[in-house]
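A look at the structure
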Amino acid sequence: MNIEQLREYCLSKKGTSEGFPFDENVLVFKVLGKMFVLTGLDSWEKGEAAVNLKADPEYSEELRAEYSSIRPGYHMSKKHWNTLYIDEGELETKLVLELINHSYDMVIKTLPKKLREQL
């Protein structure tokens, strides 16, 4: 997976937008204004691709136990966010896409009913 594939996949999800709310390096994807994917562009340029995704806390623990390339979220809530170190080669693209879907779904669950109905 490369950064363009990540970007295209995230933007294909309904209600998604992209932006740089923190600085010119951190690309953030939001669904109806709530973050579900964060990634540092400089890490991709250095060949150190990583992405932060939201996850159910229990599922996060399972993922971290199973994959050494999935760790508590870097600069994020360690309970609700994971960092996937894609560059380590352990994680198949299919799993990364599934975890993006999970992150998206986790965020949608927290939205008010009125916003969820817009999707």
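In what follows, the accompanying structure is described. Since the structure is predicted, the reported quantities are computational estimates derived from the model, not experimental observations.

What follows covers the side chain of S60. Here S60 lies in helix 3 (residues 57-66). Exposure remark for S60: the relative accessible area of 0% places this residue in the buried category. Within polar-contact distance, the side chain of S60 engages the side chain of N82 at 3.2 Å. Apart from residues lying up to four places away in sequence, S60 is in contact with A55, K79 and N82.

Within the chain, L32 stands out as a residue other than glycine whose phi angle is a positive 45 degrees. Examined against the element boundaries, L32 turns out to sit in the loop between strand 2 (26-31) and strand 3 (34-40). At H75, a residue that is not glycine, the phi angle is positive and equals roughly 60 degrees. Looking at the secondary structure, you find H75 in the loop between strand 5 (70-72) and strand 6 (81-85).

It is characteristic of soluble globular proteins that their nonpolar side chains tend to be buried jointly. Ranked by size, the top nonpolar core spans 25 residues in total, and within it F36, V37, L84 and I100 carry the most contacts. Listing elements by their share of this core, those giving two or more residues are helix 1 (3-11), strand 2, strand 3, strand 4 (50-54) and helix 4 (93-110). Beyond its immediate chain neighbours, meaning those up to four positions away, I100 contacts L6, Y9, C10, K13, F36, V37 and L53. Core analysis: the second largest hydrophobic core is formed by 5 residues, V26, V28, M76 and W81 among them.

By secondary structure assignment, the location of A49 is in the loop between helix 2 (41-45) and strand 4. Not counting residues within four places of it along the chain, the set of residues in contact with A49 comprises S43, W44, L84, Y85, I86 and D87.

Another point: the sheet that holds strand 5. If you walk across this open sheet you meet the 6 strands as 1-2-3-4-6-5, and the pairing is antiparallel. Here the strands that pair on one side only, and so sit at the sheet edges, are strand 1 (16-19) and strand 5. The sheet shows a mean angle of 25 degrees between the axes of neighbouring strands, taken without regard to direction. Where strand 1 lies against strand 2, 4 bridges are found, and the strand directions are antiparallel. From the neighbouring strand, G19 faces strand 2, where its bridge partner is V28. Of the strands in this sheet, strand 1, strand 2, strand 3 and strand 4 are in contact with helix 1, which crosses strand 1 at around 140 degrees.

Glancing now at the side chain of K54. Tracing the sequence through the fold places K54 in strand 4. The side chain of K54 is buried and forms no salt bridge, while D56, the nearest opposite charge, is found at 10 Å. Once you skip the residues sitting within four places of it in the chain, K54 turns out to touch F36, H80, W81, H102, S103, M106 and V107.

What counts, and at which threshold
Residues numbered from 1 in each chain as written. Predicted model: local features only at pLDDT ≥ 70, side-chain atom pairs only at ≥ 80, totals over all residues. Heavy atoms only, no water. Helix = DSSP H or I, 4+ residues; strand = E, 2+ residues; numbered from the N terminus. Buried < 20%, exposed > 50% of the residue type's maximum accessible area, 1.4 Å probe, protein only. Polar contact = N/O pair within 3.5 Å; in protein donor to acceptor, adjacent residues only side chain to side chain. Contact = heavy atoms within 4.5 Å. Core = buried A, V, L, I, M, F, W, Y, C linked by side-chain atoms within 4.5 Å. Pairing = 2+ DSSP bridges. Axes fitted to C-alpha atoms, helices over the stretch in contact; angles between N-to-C directions. Lys, Arg positive; Asp, Glu negative; His and termini not counted. Salt bridge = Lys/Arg side-chain N within 4 Å of Asp/Glu carboxyl O.

Distances and angles like these do not, on their own, reveal function.
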